[in-house]
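Listed here are the chains, written in short residue letters.
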There are 2 protein chains.
Amino acid sequence: MQAALDLIAERGPAGATFAEAARRAGVSPAAPYRHFRDREELLAAVAAAGFDRFAEALKAGWNGGRPDAASAYERMGHAYLDFARQHPADYVAMFESGIPTEADPALRQAADRAFGVLREAAETLVAAMPAQGRPPALMVALHTWALAHGVAALFGRADAARRKVPMPADDLLEAAFLIYLKGLGAPAA
Amino acid sequence: MQAALDLIAERGPAGATFAEAARRAGVSPAAPYRHFRDREELLAAVAAAGFDRFAEALKAGWNGGRPDAASAYERMGHAYLDFARQHPADYVAMFESGIPTEADPALRQAADRAFGVLREAAETLVAAMPAQGRPPALMVALHTWALAHGVAALFGRADAARRKVPMPADDLLEAAFLIYLKGLGAPAA
DNA sequence: GCGTGATGTAAGTGCTTTTCACATGAGCTG
DNA sequence: CAGCTCATGTGAAAAGCACTTACATCACGC
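Here the structure is a predicted model, which means the values were calculated and not measured. (Residues numbered from 1 in each chain as written. Chains lettered and ligands numbered in written order. Predicted model: local features only at pLDDT ≥ 70, side-chain atom pairs only at ≥ 80, totals over all residues. Heavy atoms only, no water.)

S.K.: What is the right way to read the protein's contact with DNA strand D from this model?
M.R.: The environment of DNA strand D is made up of 15 residues, and the closest members are Ser28 and Arg34 of chain A together with Phe18, Ala19 and Tyr33 of chain B. Take the atoms of DNA strand D that sit within 4 Å of the protein: sugar and phosphate atoms are 53% of them. At 2.6 Å, a backbone N or O of Ser28 of chain A approaches a phosphate oxygen of DNA strand D. Within the side chain of His35 of chain A, a nitrogen or oxygen atom sits 2.9 Å from a phosphate oxygen of DNA strand D. Top element by residues in the surface near DNA strand D is helix 2 (residues 18–24) of chain B. It accounts for three residues. (Near = heavy atom within 4 Å. Polar contact = N/O pair within 3.5 Å; in protein donor to acceptor, adjacent residues only side chain to side chain. Helix = DSSP H or I, 4+ residues; strand = E, 2+ residues; numbered from the N terminus.)

Pasting the structure below:
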């Protein structure tokens, strides 16, 4: 799995071949078939491990919502982008390897766990808002994820289909967050 | 190129093999090499054609900003999602085929043209806002793109790594747009 | 009439994925 | 300790793909 992850980092998901991963692990090309049904299952396992690390990173960024929900939420956004930048292979395996999340139950579970961190943070954030006009927390979580993923996928990583943009992805996401929260009427001005 | 597009629709970008595309076009596996240097160049051409169609779809949605910038902008957002849903193969070729946008000059140009539609719409939208506190149009365009892409990639298409969400992608994007525009102080309440 | 360039084919190389029969070695059981 | 089982690994093989090279065809302009 580590060899496969390295290969994704070096050559992209298409270049991560089963045979080469086995070679790097020092075994014959047939050996990994004792552990993974096929190439797709290997990639699913790599992606699931990535989601686990991702959930940890988000949780660390959120840090229980301290010192206050709004700043912790924004810090979690930075953690999101940091993860995409510092673990591009994981991120690619998770979102761009062509493996449907539903394919593997373990993968699906890991992805749900990662989103759960985001959802709970959104719930805390929403709970801190004035009661009237309080938006649905799940919607806020989905919006946050879509925004963070969009920024990461389009402008975040250096190697991929990145576009030249006049501002760094971090600032772009932070600005979007602040505008969005202001639109919600959140205490974040 | 049509055969390759069909293959992407049926089997995903990894399943779109050069040989099979040639077979479907009724020629030998070597024939396409007269027209494309390698598999990557074929996919880049397919993606470029997709960006052209995409730019047309966005332009049609924007419709010159009529009747007013805010509603036209939102309609363009719907056009974005409609395109991702109705032309999933194009969208996959454009954003998830692993082809870096910089690889091919024609691809890059087509992508820039599509983003140009979005950028001009954002400029018009921003120009309609009160002069003081007017945000940079480019930033608004990038935010819009990131949001729309995030929603499309995560929740938009039926086949891909879509998650079960309690609300349709259209509504999700529309709500996010409205909240974002409200945060900007735009005339969209 | 004849070169020329665009297009296509057949065959071949080296890579991949996947399977199958067989080896090996650790650990449990009697 | 013998024997059995199970996990793990190997080598060989089939099938498919990307890509190359040498050769064929054929329309078109001079």
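S.K.: How should I be thinking about the interface of chain A and chain B in this particular structure?
M.R.: Interfaces are often sized by the amount of accessible area the parts lose when they come together. The interface is formed by 37 residues belonging to chain A together with 37 residues belonging to chain B. Of the roughly 3,000 Å² buried between chain A and chain B on both sides combined, carbon and sulfur atoms contribute 73%. Across the contact surface, chain A and chain B share zero salt bridges. Only helix 6 (105–127), helix 7 (137–156) and helix 8 (169–184) of chain A provide two or more residues apiece to the side of chain A that touches chain B. By residue number, the principal contributor to the side of chain A that touches chain B is helix 7 of chain A, which donates 13 residues. Of the residues belonging to the side of chain A that touches chain B, the class tally is 25 nonpolar, five polar and seven charged. (Contact = heavy atoms within 4.5 Å. Buried area = accessible area lost by both parts, 1.4 Å probe. Salt bridge = Lys/Arg side-chain N within 4 Å of Asp/Glu carboxyl O. Nonpolar A, V, L, I, M, F, W, Y, C, P; charged D, E, K, R; others polar.)

S.K.: How should the protein's contact with DNA strand C be read in this particular structure?
M.R.: Neighbouring residues of DNA strand C: 16 residues in total, closest Phe18, Ala19 and Arg23 of chain A together with Ser28 and Arg34 of chain B. Each atom of DNA strand C within 4 Å of the protein belongs either to a base or to sugar and phosphate, the latter forming 50%. Taking Arg23 of chain A, its side chain carries an N or O atom lying 2.8 Å from a phosphate oxygen of DNA strand C. At 3.2 Å, a side-chain N or O of Tyr33 of chain A approaches a phosphate oxygen of DNA strand C. Of the residues forming the surface near DNA strand C, the biggest block, three residues, is contributed by helix 2 (residues 18–24) of chain A. When grouped by side-chain class, the residues that make up the surface near DNA strand C number eight nonpolar, three polar and five charged.

S.K.: Would you take a moment to explain helix 3 (residues 39–62) of chain A for this structure?
M.R.: Working note: α-helix, 3.6 residues per turn, so residues spaced by three or four point in the same direction. Look at helix 3 of chain A: 34 Å from first C-alpha to last across 24 residues, which is about the 34 Å you get at 1.5 Å a residue. Looking at the residues trailing helix 3 of chain A, positive phi occurs at Asn63 of chain A, about 50°. (Expected span 1.5 Å × (residues − 1).)

S.K.: Please clarify how the packing of helix 1 (residues 2–15) of chain B against helix 5 (residues 88–95) of chain B should be interpreted in this entry.
M.R.: All names here are of chain B. Running from N to C, helix 1 and helix 5 cross one another at 75°; their axes reach a closest spacing of 8 Å. With respect to helix 5, the element helix 1 is oriented roughly perpendicular. The residues of helix 5 that touch helix 1, namely those facing Leu5, Ile8, Ala9 and Pro13, are Ala89, Asp90, Val92 and Ala93. A class-by-class count of the residues in the contact of helix 1 with helix 5 yields seven nonpolar, no polar and one charged. (Axes fitted to C-alpha atoms, helices over the stretch in contact; angles between N-to-C directions. Parallel < 35°, antiparallel > 145°, perpendicular 65-115°, else oblique.)

S.K.: I'm lost on the relation of the copies chain A and chain B in this one. Help?
M.R.: Copy one and copy two of the chain differ by a rotation about an axis and a translation along that axis. Mapping chain A onto chain B leaves a residual RMSD of 0.1 Å; the transformation is a rotation of 180° accompanied by 0.0 Å of translation along its axis. Here the two chains are linked by the operation of a two-fold rotation axis. Both copies contact each other with a shared surface, as 100% of the interface residues of chain A are interface residues in chain B too. (Least-squares fit on C-alpha atoms with pLDDT ≥ 70 in both.)

Geometry only, nothing functional implied.
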